[in-house]
Amino acid sequence: NILMLEERDHTSTERLMLIDFEYSSYNYRGFDFGNHFCEWMYDYTYNKWPFYKVTPENYPTREQQVSQIMAPYDEDYSSR
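Residues numbered from 1 in each chain as written. Predicted model: local features only at pLDDT ≥ 70, side-chain atom pairs only at ≥ 80, totals over all residues. Heavy atoms only, no water.

The chain goes by ethanolamine kinase in an unreviewed UniProt entry, where it is assigned to Goodea atripinnis. In its Sequence similarities (unreviewed entry) section, the UniProt record describing the chain reads: "Belongs to the choline/ethanolamine kinase family." (UniProt positions renumbered as here; feature names shortened; annotations may be inferred.)

Here you go:
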């Protein structure tokens, strides 16, 4: 998931591009929302095997889900 850019005039800090290929193809409508909410349960800073910890209690409530989904629309309409 690492791309090294060549044949361009980049500084050394601009030559490396990280790509998340798992999400680079077509996914069904709502997939990103579902994945986003599932990620709320995971702690990837856990320092014991398997180096992540799942806490199902951290899954967002219905109210939190709706708030997250509607946030871009609320922001868009509030600026008018």
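After presenting the structure, the write-up continues.
Moving on to unusual backbone geometry. Here the residue pair tryptophan 49 and proline 50 is connected by a cis peptide bond, since its omega of 5 degrees sits within 30 degrees of zero. Turning to its location among the elements, proline 50 is positioned in the loop between strand E3 (42–43) and strand E4 (53–54). Backbone geometry at phenylalanine 51 places phi at a positive 70 degrees, although glycine is not the residue there. Looking at the secondary structure, you find phenylalanine 51 in the loop between E3 and E4. (Helix = DSSP H or I, 4+ residues; strand = E, 2+ residues; numbered from the N terminus.)

Mapping glutamine 65 onto the fold places it in helix H2 (residues 62–78). Sequence-distant contacts of glutamine 65, that is, excluding residues within four places in its chain, are made with Phe37, Tyr59 and Pro60. (Contact = heavy atoms within 4.5 Å.)

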